[in-house]
Amino acid sequence: FDFGQEDENQDSFASMGKAAGPLFFAMFVLMALLFRSLLQPILIFTALPFAFLGVAAGLYGTNNSISFFSMLGVFALIGISLNNTILLTDYANQARAEGMLPSEAIATAVRERLRPLLTTSLTSVLALLPLALNDPFWEGLAFALIFGLLSSTILVLLVFPYFYLISTSVGDRISKLVRKLIRRS
């Protein structure tokens, strides 16, 4: 039996799964080097479930299955949603370096970055709508991006600040403990 290109599609789908591990590891190492922290890359990766929640709901709600093209949309979405949290984290870190408390720093970051985050997400969603509504071939990719962007943006703005506060509290306690141990030695 010849099933057409289904075997090739399955091979492509499997290779995406194999590439995900090294991709996430490389992103983690790069962010750890840039932020000089092991905790902040973990914090930044907390945005991914926000995006995946939107993808799952969007594909289910539009009656699309998980396909090679919807997975391409998910890989593109990973970069976009991580970028949003990187922007907020970096802005809050800069505010903390200027002497702000963590709560003031993240509030300032959200207030200052709100318009750019909303603008980029909404323009992307609007640009993807014609593709999602007019071309069944690209529908899965477009809906994965649209719903993932919407949920990621909303949840990053509403929930991520609390994650930032928790991580800074944990990071500060670890730093104090390490300094105390160093003084004792």
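To be clear, the structure that these remarks concern was listed above.
Each chain carries its own residue numbering, running from 1 in the direction its sequence is written. For this predicted model, a pLDDT threshold of at least 70 governs which residues receive local features, and a threshold of 80 or more governs which side-chain atom pairs are given and counted, while totals over whole chains, interfaces and linings are taken from all residues. Computation of side-chain values covers all heavy atoms of the structure but excludes hydrogens and water.

Novice: Explain the overall build of the protein chain residue by residue, including any values.
Specialist: For helices the rule is a DSSP run of H or I covering at least 4 residues; for strands it is a run of E covering at least 2, with both sets numbered from the N terminus onward. Counting its regular elements, the protein chain contains seven helices and zero strands. In the protein chain, the succession of helices and strands from N to C terminus is α-α-α-α-α-α-α. Each principal axis of the C-alpha atoms in the protein chain carries an extent, and together these give about 75 × 35 × 20 Å. In this scheme, a residue with accessible area under 20% of its type's maximum is buried, one over 50% is exposed, and one in between is partly exposed, where area comes from a 1.4 Å probe on protein chains only. The 185 residues of the protein chain split such that 35% are buried. Taking contacts inside the protein chain between residues at least 6 apart in sequence as the whole, the part at least 24 apart equals 75%. Here the accessible surface of atoms and residues is derived via Shrake-Rupley with a 1.4 Å probe, and residues count as covered only by protein chains that are part of the display. For the protein chain, the exposed surface amounts to about 11300 Å²; the carbon and sulfur share of it is 66%. Between the averaged position of the 12 positive side-chain charges in the protein chain and that of its 12 negative side-chain charges there is a distance of 28 Å. Two residues qualify as a contact provided that any one of their heavy atoms is within 4.5 Å of a heavy atom in the partner residue. Note on charges: Lys and Arg go in the positive column, Asp and Glu in the negative column, and His and the chain ends are not counted at all. Working definition for charges: the position is that of NZ of Lys, CZ of Arg, CG of Asp or CD of Glu.

Novice: Lay out unusual backbone geometry with the relevant residues and their values.
Specialist: Here Arg36, not a glycine, exhibits a phi torsion of approximately 55 degrees, which is positive. Inspection of the secondary structure puts Arg36 in the loop between helix H1 (6-35) and helix H2 (39-45). In this structure Arg36 comes out as exposed when scored by relative accessible area, which is 77%. The residue Asn63 is not glycine, and still its phi comes out positive at about 60 degrees. Here Asn63 lies in the loop between helix H3 (47-61) and helix H4 (68-97).

Novice: Help me get a handle on the layout of surface pockets, residues and values and all.
Specialist: Of the grid points, spaced at 1 Å and generated over the protein atoms alone, those admitting a 1.4 Å probe that cannot get out make up cavities, while open sets with protein on both sides within 12 Å along at least five of seven lines make up pockets; any residue with an atom within 4 Å of a point is treated as lining. Grid points are joined across faces, edges and corners, and a volume is the space filled by probe spheres set on the points. By volume, the largest pocket is sized at about 350 Å³. Around the largest pocket sit 14 residues that line it, and Arg36, Ser37, Gln40, Gly171 and Ser175 are the ones nearest its centre. Among the elements of the structure, H2, H4 and helix H7 (160-184) are those that each provide at least two residues to the lining of the largest pocket. Counting residues per element, the lining of the largest pocket draws most heavily on H7, which supplies seven residues.

Novice: I'd like a rundown of the packing of helix H6 (residues 139-158) against H7, residues and numbers included.
Specialist: Running from N to C, H6 and H7 cross one another at 45 degrees; their axes reach a closest spacing of 4 Å. Taken together, the axes of H6 and H7 lie oblique to each other. On the side of H6, the interface is formed by Leu155, Val156, Leu157 and Leu158, while H7 contributes Phe160, Pro161 and Tyr162. Class assignment of the residues belonging to the contact of H6 with H7 gives a composition of seven nonpolar, no polar and no charged. Only the stretch in contact is used when fitting a helix axis, every axis being a line fitted to C-alpha atoms; angles between N-to-C directions are given from 0 to 180 degrees. Each angle is binned into one of four classes, with values under 35 degrees roughly parallel, values over 145 roughly antiparallel, values of 65 to 115 roughly perpendicular, and all other values oblique. Three classes are used: nonpolar for Ala, Val, Leu, Ile, Met, Phe, Trp, Tyr, Cys and Pro, charged for Asp, Glu, Lys and Arg, and polar for all others, with Gly counted as polar.

Novice: Break down a nonpolar patch on the surface for me, with residues and values.
Specialist: Patches were defined on residues exceeding 30% relative accessible area and lacking a salt bridge, with like-charge contacts within 9 Å and nonpolar side-chain contacts (Val, Leu, Ile, Met, Phe, Trp, Tyr) within 5 Å. Salt bridges are identified by distance alone: a Lys or Arg side-chain nitrogen within 4 Å of an Asp or Glu carboxyl oxygen. On the surface, a nonpolar cluster with roughly 580 Å² of combined accessible area is contributed by Leu114, Leu118, Leu122, Phe147, Leu150, Ile154 and Leu158. Only helix H5 (102-134) and H6 provide two or more residues apiece to the nonpolar patch. Take the nonpolar patch: its biggest share by element is four residues, from H6. Relative to the elements of secondary structure, Leu118 occurs in helix H5. Residue classification places Leu118 among the partly exposed residues on the basis of a relative accessible area of 33%.

Interpretation note: all reported values are geometric properties and have no functional meaning in isolation.
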